[in-house]
Amino acid sequence: MKIWILHIAVLLALVLAQLVLPPYHANNLSRILVLAVFAMGYNISFGYAGLLSLGHALLFAAGMYGAGMLVHHAGMPALPALIAGGLAGGAMAGLVGLLALRTAGVSFMIVTLMFAQVGFLSILYFNGVTGGDEGIALTGPQRQILGLDMTQDTPRFWVALILFAIALLVKLALVQSRFGRLMLAMRENEERSRMLGLNPFGIKLKILVISGVFSGVAGAAYALLFGYLGGSFASVQYSILPMLYVLLGGAGTVLGPLLGAGLMFYLVDFTSGLTSAYLMVVGAALVVLVLFAPKGILGTLRERWLPWLP
Amino acid sequence: MMTKEANVFMPSRRAVLAGMGAAGLMTTTGLSRAAMAQGAPMKLGFQLHATGIGASYGRWYQRTADAAAKMINDMGGIGGRPIELVYEDDGTGPKRGAEVVDKLANQHGCEVIFGTLFSHVVMGSAPRAGELKIPYLVCSEGYHVASGALNRWTLQPGITDVRSQIQAMAPWVAANLGKKVTMVFPDYAFGHDHRDFFTAAIAAQGGEVIAHIAVPPTETSFTQYLPQIPAETEVLYHVMVGPGVLTFVKELGEFYGAGAGPKLFGFIDSLEAVDMATPGLEFLEGSHFWEAHSRVKPADAGEHEAAYRAAVGVDDNGASLSDPADVATFSHMFSAWETLFFIKQAMEASGYAGPADRQKLVETMEGISDLPYGVERPQGAKMFNGKTHQAFGTQNISQVQGGKLVRVHQTTMADGAYDDAVDYTAMSF
Amino acid sequence: MEGLVKAAVLALTAVGLSLVFGVMRVVNVAHGAFFMLGAVLAWTVAQYVPGDPMFGWFAALLIAPAIVAAIAATADTFVLKRLNYDPEATIVATIGLLYILEQAALSLFGPDAKPVPAPFNIRLQLPWFGYSGYKIFVVFAAVAVLLAVWWFMTRTRAGLVMRATQVDRQTARAFGINVDRVYAGVFALGAGLAAIAAVLLVPISQAHYLMGGDPLLLSFIVVIIGGLGSLRGTLVAALIIGLSDGVISMFWSPTLAKIIATAAVAMVLVFRPQGLFGARA
């Protein structure tokens, strides 16, 4: 009960934040929420099930292009395209999983990295369709979701918040369910779960597909809400970012990805206002943070004071 | 008063809200421009590639824009108001680019945003500029504006686009270097623009591209592609971008040696910010380059050339006054200068007083067509096409002689003209 | 030939990572930054040494790795050790380190690509085209470096200690080995090797503050395909990857070849998850 109250409270706080924040920060919040959905997807596979992937940019891009291509080339309305983006992310995750889940540990990391690299190069190569590195800008009429205009800050925030809320509650329900415990079993002791008659490959594949749907929805939403899709979102940097968000906020915590995404965003935003050498400050901040909270912020909080935190 | 200080300055939320309130007050109460001249300086936002792959350019764009702003302030500012440039780094990426547009408009309260070079940053940022309804003036030479891919708020008044540049070059190449051309280009959008436009342009001159050699984007060594250059090639057209360029030229030199090879024609994009005296580049002696703005001051340079160079801090070889090895991105950075003067011209012509006049400002810009040579436009006269939001100017072809780029030909504006692909004035704001 | 050069480049950049990865089981994201630092320092040193480029280059070969190794040892002592080499925390810390080093290079060295002259300039004129003599030298240098590392690991006491730590950290400690010092040494050695690779390679590429990205990815791929901690595997994997896209590009356009080659190499891992020469965990 305590847990559900906490998460509803977080959502209410976000609503309140949108109302009081000046436009720049309110719009940043929309971006952070979408990125947090991506990070939550990453957290499901990495934080809970221990699958360290370096290829999630591929899943984000699958959603981004799955939706963007349908809207741009086929004239599909935005809402079905958003759903298609989620499915594209899930399907891509399934495909990658079928192959990559034959490996584990660092090999899994590298195989996912290489598949993502294949995806990235393909987007650049087929730029007649994808727009390549230059990308494609979507127009206003292409960005209407159920009559809400995604070129306006307020409706955009509501869509971002609704997506985030759905993702948050689904994820919370997921980790509290029997399947959630299976996920932890994959991380903690795969061998034992096998001896108990479970099928680790099947479970991990399911986890990865769920993670892919989250990532795909986030990618599709990023394209539709902010009006741009481009090859750079498929680059390795966008595989590292969700990992960074998750590790900062706390791997295996439900709210960690949101905290990590917000923190990283404002770390860059704030320090770039202080000095042109802001990357050094960001780097130093990461080092300091990890020294004092090696399990991420919420992970460390849970370890020390709040053992009930999901 | 600008740059570093402006960079460090980050207003609190309250200051911004107060500032916006003040701006709103001024427009509603209809204060005269003269009254505002005594007020706070007008802020203009600059989207800067300070880090990331565009950092070489960003440094020079900033120096050029600072110099232009200083000159404008010395001339009395814009409409009597002093200006202040606010720089925000976009990391040369589209994601941060859009965020920076947001920050400059909403947080810093800038009147307009300009200065973006890399195409993917332009593409990623333009939608946000359109949403905020803030004029977004890019300095990118991409074909994205004139192709119609962007919106009513995005204009490119300070530099000719790549399609026009290539088209203007092709007749000279066909007439002076040869008609059988092999192209070497990076295998992504930037290279594909060159591939498509040049192939068509040379065909129109009765020439032919006999081989397209597309180099994968992640490649750092090019030797394995050089044997694919057909032996009967008369002209090797090369365009590369980024730090791999030096390697490419060096490997080309190793490949052909002193023996007879095809004539080389390249886009200076390859060697912007690179000293022609760099070891390994001896091989380029005698070869030709496109330059938008001659790096080495031509003997017959226009009267405003010296003032421009002095203001930016560039010597007659196109290098920094303080360090002759620090070579400018000379063929691109003038666009930051010219764009700022274009903003001044349009703001003064439209009687711009504040954000409420932004639409009027864009309409005024669309009405401008003749941009004559002057200190505002050291690169040369331009025609601005209000329908396609794109400026068209003259181009230069230079030859490397004794390790220096010497201008040998200048195109006319008519050489680079093509049919409009879009009419932005028919789009809504 | 070009494939062989590519393989040599890969092997050189990967050998340091292989060592760190093998012994410490640490994912060092900053490996590429150490490589970049080596190249940038090589340029700096070459600027200050007058006369023939050869002197500057040799000076760089001594100085750059030493500085980079010192930075790495410091980072290990003050950060990684305190994290207890926890894999996840280490990733964040080395990403932080990467940002710091890249920004430092940007601020101090500038954003432009800078060339470093090769110590000698011999051009081999073949009947139909020319070839750089220095590139051939790089191939031999790669073999020499790999042999030296192999000799160090198998024939010296320090190498023995490192291998012992690799196999079993606890037991090594029980035998009186100072594991902390071993780790700091390995981390410094790995970074130093990255810098040596950079000094060797910078004459055929350029020093640039963002140059660390690609070598990092490629090194990871080479190390994992080769099998963790296996030098022989690293070498074979470098050969396979170096030659594969050359061969495949005979059939398809170069970029398509790169895409196919990447997928093909990934498939090697899918069907041999422990790498070519790794023991099954």
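Residues numbered from 1 in each chain as written. Chains lettered and ligands numbered in written order. Predicted model: local features only at pLDDT ≥ 70, side-chain atom pairs only at ≥ 80, totals over all residues. Heavy atoms only, no water.

A. Inspection of the sheet that holds strand 4 (residues 136-137) of chain B at higher detail. Residue and element names in this part refer to chain B. Ordered in space as 2-1-3-4-5-13-12-11, the 8 strands form an open sheet in which the pairing is mixed. Whereas interior strands pair on both sides, the edge strands pair on one side only; in this sheet they are strand 2 (83-89) and strand 11 (370-371). Sheet topology note: the strand 5 (residues 154-160)/strand 13 (residues 390-393) ladder contains 2 bridges and is parallel. Bridge pairing in strand 13 links T160 to A391. (Pairing = 2+ DSSP bridges. Helix = DSSP H or I, 4+ residues; strand = E, 2+ residues; numbered from the N terminus.)

B. Layout of the interface of chain B and chain C. In this complex, chain B contributes 31 residues to the contact, which on the side of chain C involves 28 residues. Taking both sides of the interface into account, the surface hidden between chain B and chain C amounts to around 2400 Å²; carbon and sulfur atoms contribute 53%. Scanning the region where chain B abuts chain C turns up 2 salt bridges. For E251 of chain B, the salt bridge goes to K135 of chain C, with nearest N and O atoms at 3.0 Å. Linking chain B to chain C there are 11 residue pairs in polar contact (both at pLDDT 80 or more). For the side of chain B that touches chain C, the secondary-structure elements that each account for two or more residues are helix 4 (55-74), strand 7 (208-215) and helix 9 (244-256) of chain B. Broken down by element, the side of chain B that touches chain C gets its largest block of residues, 8 residues, from helix 9 of chain B. The class makeup of the residues in the side of chain B that touches chain C is 13 nonpolar, 11 polar and 7 charged. (Contact = heavy atoms within 4.5 Å. Buried area = accessible area lost by both parts, 1.4 Å probe. Salt bridge = Lys/Arg side-chain N within 4 Å of Asp/Glu carboxyl O. Polar contact = N/O pair within 3.5 Å; in protein donor to acceptor, adjacent residues only side chain to side chain. Nonpolar A, V, L, I, M, F, W, Y, C, P; charged D, E, K, R; others polar.)

C. Region of interest: the packing of aromatic side chains. All names here are of chain A. The final tally for this structure, using the stated rule, is 36 aromatic pairs over all chains. Taken together, a centroid distance of 5.6 Å and an interplanar angle of 40° make the contact between Y42 and F46 tilted. Here F46 and Y42 lie together in helix 2 (residues 23-48), a separation of 4 residues that amounts to about one turn. The exposure class of Y42 is buried, given its relative accessible area of 0%. Between F233 and Y238, the ring centres sit 4.9 Å apart and the planes meet at 50°, which makes this aromatic pair tilted. Under the relative-accessibility criterion, Y238 is labelled buried at 8%. Taken together, the ring pairs in this structure connect F38, F60, Y222, F226, Y228, F233 and Y238 into an aromatic cluster. (Phe/Tyr/Trp six-rings, centres within 6.5 Å; stacked < 30°, edge-to-face > 60°. Buried < 20%, exposed > 50% of the residue type's maximum accessible area, 1.4 Å probe, protein only.)

D. Molecular detail of unusual backbone geometry. If you check the backbone angles, K133 of chain B has positive phi at about 55° while not being a glycine. Owing to a relative accessible area of 39%, K133 of chain B belongs among the partly exposed residues under this scheme. A positive phi angle, close to 55°, is found at Y85 of chain C, a residue other than glycine. For Y85 of chain C, the position within the fold is in the loop between helix 3 (53-80) and helix 4 (87-109). Overall, Y85 of chain C belongs to the buried group, its relative accessible area being 6%.

Shape descriptors only; they carry no functional weight alone.
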